[in-house]
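# Architecture and fold: a report
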Amino acid sequence: NNKYMRNWIYSNLDKVAHASISAILVIVISWIFLSTTTGCTVLVSAVCGIIGTLLIGVLKEVADFMRGGSFDLKDMMADFVGSILGGFLVLLIL
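First, a word on scope: everything that follows refers to the structure included in this document. If you're wondering where the values come from, they're calculated on a predicted model, not measured in any experiment. (Residues numbered from 1 in each chain as written. Predicted model: local features only at pLDDT ≥ 70, side-chain atom pairs only at ≥ 80, totals over all residues. Heavy atoms only, no water.)

### Some thoughts on the overall build of the chain
Looking only at helices and strands, one finds four helices and zero strands in the chain. For the chain, the succession of helices and strands along the chain, N to C, is α-α-α-α. Viewed in the frame of its principal axes, the chain has a C-alpha envelope of about 45 × 40 × 15 Å. Taken across its 94 residues, the chain has 28% of its residues classed as buried. Intrachain contacts of the chain at a sequence separation of at least 6 include 63% that bridge at least 24 residues. As displayed, the chain has an accessible area near 6300 Å², and 74% of this comes from carbon and sulfur atoms. Side-chain charges of the chain comprise 6 positive and 6 negative groups, with the mean position of each set lying 10 Å from the other. (Helix = DSSP H or I, 4+ residues; strand = E, 2+ residues; numbered from the N terminus. Buried < 20%, exposed > 50% of the residue type's maximum accessible area, 1.4 Å probe, protein only. Contact = heavy atoms within 4.5 Å. Areas by Shrake-Rupley, 256 points an atom, 1.4 Å probe, with all protein chains shown as cover. Lys, Arg positive; Asp, Glu negative; His and termini not counted. Charge placed at Lys NZ, Arg CZ, Asp CG, Glu CD.)

### Side note on the environment of Phe88
Secondary-structure assignment places Phe88 in helix H4 (residues 73-93). With 14 residues separating them in the primary sequence, Phe88 and Lys74 have C-alpha atoms 21 Å apart.

### So, the pattern of salt bridges
Going through the model one piece at a time under the given rule, you end up with six salt bridges. Where Lys15 meets Asp72, a salt bridge forms, and the shortest distance between an N and an O atom there is 3.3 Å. Of the two residues, Lys15 sits in helix H2 (residues 13-36) while Asp72 sits in the loop between helix H3 (42-66) and H4, which places them 57 residues apart along the sequence. For Asp72, a relative accessible area of 23% corresponds to the partly exposed category. Arg67 is paired through a salt bridge with Asp64; the nearest N and O atoms lie 2.7 Å apart. Residue classification places Arg67 among the exposed positions, given a relative accessible area of 65%. Salt bridges sharing common partners tie together Asp14, Lys15, Asp72 and Asp75. (Salt bridge = Lys/Arg side-chain N within 4 Å of Asp/Glu carboxyl O.)

### Regarding a nonpolar patch on the surface
A cluster of nonpolar side chains, contributed by Leu43, Val47, Ile51, Leu55, Met77, Phe80, Val81, Ile84, Phe88 and Leu91, occupies part of the molecular surface with about 950 Å² of accessible area. Mapped by element, the contributors of at least two residues to the nonpolar patch are H3 and H4. Counting residues per element, the nonpolar patch draws most heavily on H4, which supplies six residues. Judged by relative accessible area, Ile84 falls into the partly exposed class, the value being 31%. (Patch = residues over 30% accessible without salt bridge, like charges linked within 9 Å, V, L, I, M, F, W, Y side chains within 5 Å.)

Shown next, in the form of structure tokens:
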């Protein structure tokens, strides 16, 4: 149902943003690795993109915690989902 999906997205905009930004970061990091590293394969670049993006996500959550916020596991799950999606997109498009 379109209305249900629209309501879910609006109520979870932060998680949708985490997943979307993570997917984009994986693609960008993978492209950089593929473009600048001699002998780098698409698979290796995708793995590097996923690992790099997850590290950025963890550091962001640690920074939130250090500033008095919380380390949000749901944000990390959204980062993970977006990273895996980004990795699949890298394998398809690069």
